[in-house]
Amino acid sequence: MDEKKVQINDCGCSIDKILSGKSCGESPENKKDDIRLCSAHESDFEVFVEPDVEKVSHDFYLRKLTDGLPVVPPTRERVNRFLKYTDMEPDEVVAVLPPLQGKATIEKIAVNAVMAGCIPQFMGVVQHAMSAVSRERFNLAGVNATTHPVSICTLLNGPVSRELSVNSGAGCLGPGNIANATIGRALRLCLMNIAGAVPGVGDHATMGSPAKYSYCFAEAESDSPWDPLHVEQGFKDDMSTVTVMAVEAPQNVNDHRSRSAEDLLNTIVHTAATAGCNNSHVPGELLVVMSPEHARTVSEDGWNKEDVKNYIHENTAVPVDLADRGGRKLDPQWVVGDEVRLTPSPTHVVVVVAGGAGRHTMIAHSFGTSSHSVTLPLTFKNGNPIGSIEEFREG
């Protein structure tokens, strides 16, 4: 039977085949049009030159290439625009991603960024985020395979976050900003389409989490009384960084009445000290996103960031009998008296400032000991720091 007739209504190509030039039996000799990602049959021409978004989204959905939401058709023209915002070649491998050990080439990352709705200027951030999650200390294999609803939070610092207008203010963890929405989504699509972390296949989360759609924001550095995260980690203030953390969806801490640092931190501590989180039996990082108002309350009481981290570490604990109920047996090294602290040390308390008006803090428990956050500077291939995204085009 003619292969083209079999596939007349639906291209069955994977992203790997599309980019290799071998889609639907295609070869360099019979490739008809460089604009199209697939040219197995005539209907591809209308899909990939004048893309019907509904058709492409539905076809990709049936092939498990989406997160369930509509996608932007990744035409060659669109992908090429993204390739202008990186100094790496399209076939260069940024990372090898478990569980399928998929090779995240620049071109594959660009395809997924297009699908996510990114604009081309976001390419460098998505590229560095993919590199960050592939580092051994992050343990992407465990993060993808676990039944735990852990998500990947992407946090931006430095001038590039402001150049791209990544939201660090009101609603920064919610909808309404294209950078926050699509950078996080592009990361998730890469994990599904390159790493193979498809729900129920390579992603075994029991229930999953809405944070797996997108989880990206910037730190409100100008509203913080303390050094921002990247400076705290040793980077210069004028450098731009991307940090990835394996954490749960955020939980609110509502405290409109405390006027002292200790009272406010006690509210945060008691909200965070919950049995059943991974931190309770395999202590790890704890993300604390303080609103500017909460941060000012603490700072004006004479507390610096190290004081905050020390206090949260020392006081966020659960009774040992409640801690030893997780999927892994509790290691006695984490027991202090009759309690288990949720963080191994103060350095595991990650404190940033973000958000708009209102006396709120958000906390996010982590995957525990099994994963550690990774912060990478945004650099060119030669290691020189990126001052502006537009430098890619100038180069």
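Counting starts from 1 at the beginning of each chain's written sequence and moves along it residue by residue. Given that the model is predicted, a residue must reach a pLDDT of at least 70 before its local features are reported, and side-chain atom pairs must reach 80 or more before they are shown or counted; all residues, however, enter totals for whole chains, interfaces and linings. Water and hydrogen atoms were dropped before computing side-chain values, which therefore reflect all heavy atoms in the structure.

Chemist: Quick question: what am I supposed to make of the nonpolar core here?
Modeler: Across soluble globular proteins, you tend to see nonpolar side chains buried next to one another. Definition used in this section: a nonpolar core is a set of buried Ala, Val, Leu, Ile, Met, Phe, Trp, Tyr and Cys residues joined via side-chain atoms within 4.5 Å. Categorising residues by exposure relies on relative accessible area from a 1.4 Å probe, with only protein chains included: less than 20% of the type maximum marks a residue as buried, more than 50% marks it as exposed, and the intermediate range marks it as partly exposed. Ranked by size, the top nonpolar core spans 63 residues in total, and within it L97, M130, V133, F138 and I152 carry the most contacts. Contacts are assigned to residue pairs with any non-hydrogen atoms lying within 4.5 Å of each other. If sequence neighbours within four positions are ignored, M130 has contacts with A95, L97, I109, L187, C190 and L191. Among the nonpolar cores identified, the runner-up in size contains 21 residues, and L264, M290, V349 and V351 belong to it.

Chemist: Can you help me understand the sheet that holds strand β3 (residues 151-157) in this one?
Modeler: Neighbouring strands of a sheet are bound in pairs by backbone hydrogen bonds; such pairs are parallel or else antiparallel. The pairing criterion for strands is at least two bridges between them, as found by DSSP. What counts as a helix is a DSSP run of H or I of at least four residues, what counts as a strand is a run of E of at least two, and both are numbered from the N terminus. Reading across the sheet, the four strands line up as β4-β3-β5-β13 and stay open at both edges, with mixed pairing between neighbours. The two strands at the open ends of the sheet, each matched to only one other strand, are β4 (216-218) and β13 (374-377). Neighbour to neighbour, the strand axes of the sheet diverge by 20 degrees on average, direction disregarded. One ladder, built from three bridges, connects β3 with β4; its direction is parallel. Looking at the pairing, L156 lines up with A218 of β4. The convention used is that axes are lines fitted to C-alpha atoms, helices contributing only their stretch in contact, and that angles between N-to-C directions extend from 0 to 180 degrees.

Chemist: It is not clear to me how the side chain of S258 should be interpreted in this structure. Could you clarify?
Modeler: Within the secondary structure layout, S258 lies in the loop between β6 (251-254) and α12 (261-272). In protein, a polar contact means a hydrogen-donor-capable atom and an acceptor-capable atom, both N or O and within 3.5 Å, with residues adjacent in sequence counting only if both atoms are side-chain atoms; elsewhere, any N or O pair within 3.5 Å suffices. Reaching out from S258, the side chain makes a polar contact with the side chain of D255 at a distance of 2.7 Å. The contacts of S258, once residues within four sequence positions are left out, are D263, L264, T267, T297 and R359.

Chemist: Can you help me understand the pattern of salt bridges in this one?
Modeler: In a structure, side chains of opposite charge can pair up when their charged atoms sit close to one another. A carboxyl oxygen of Asp or Glu within 4 Å of a side-chain nitrogen of Lys or Arg is what we treat as a salt bridge. Inspection of the entire model under this criterion finds nine salt bridges. Among the salt bridges present, the one from K381 reaches E92, with a minimum N-O distance of 2.9 Å. One end of the pair, K381, is in the loop between β13 and α16 (391-394); the other, E92, is in the loop between α5 (76-83) and β1 (93-97), and 289 residues separate them in sequence. With relative accessibility at 19%, the residue E92 sits in the buried group. Measuring nitrogen to oxygen at the nearest pair gives 2.4 Å for the salt bridge that ties E232 to K309. Of this pair, E232 sits in helix α11 (residues 229-232) while K309 is found in helix α14 (residues 305-315), placing the two residues 77 residues apart along the sequence. Here the salt bridges share partners, and the residues they tie into one network are E232, K305 and K309.

Chemist: How should I be thinking about the packing of helix α6 (residues 106-116) against helix α10 (residues 178-193) in this particular structure?
Modeler: Running from amino to carboxyl end, α6 crosses α10 at an angle of 130 degrees, the nearest separation of the two axes being 8 Å. One finds that α6 runs oblique with respect to α10. Viewed along their axes, α6 and α10 form a crossing whose handedness is right-handed. Counting all contacts with α6, which are made through I109, N112, A113, M115 and A116, the residues of α10 involved are T182, R185, A186, L189, C190 and N193. Amino acids are sorted into nonpolar (Ala, Val, Leu, Ile, Met, Phe, Trp, Tyr, Cys and Pro), charged (Asp, Glu, Lys and Arg) and polar (every other residue, Gly among them). Its residues assigned to classes, the contact of α6 with α10 comprises seven nonpolar, three polar and one charged. Here the angle decides the label: under 35 degrees means roughly parallel, over 145 means roughly antiparallel, 65 to 115 means roughly perpendicular, and every other value means oblique. By convention the crossing between two helices is left-handed if the near helix lies anticlockwise of the far one by an angle smaller than a right angle, and right-handed if it lies clockwise.

Honestly, it's all geometry; don't read function into it.
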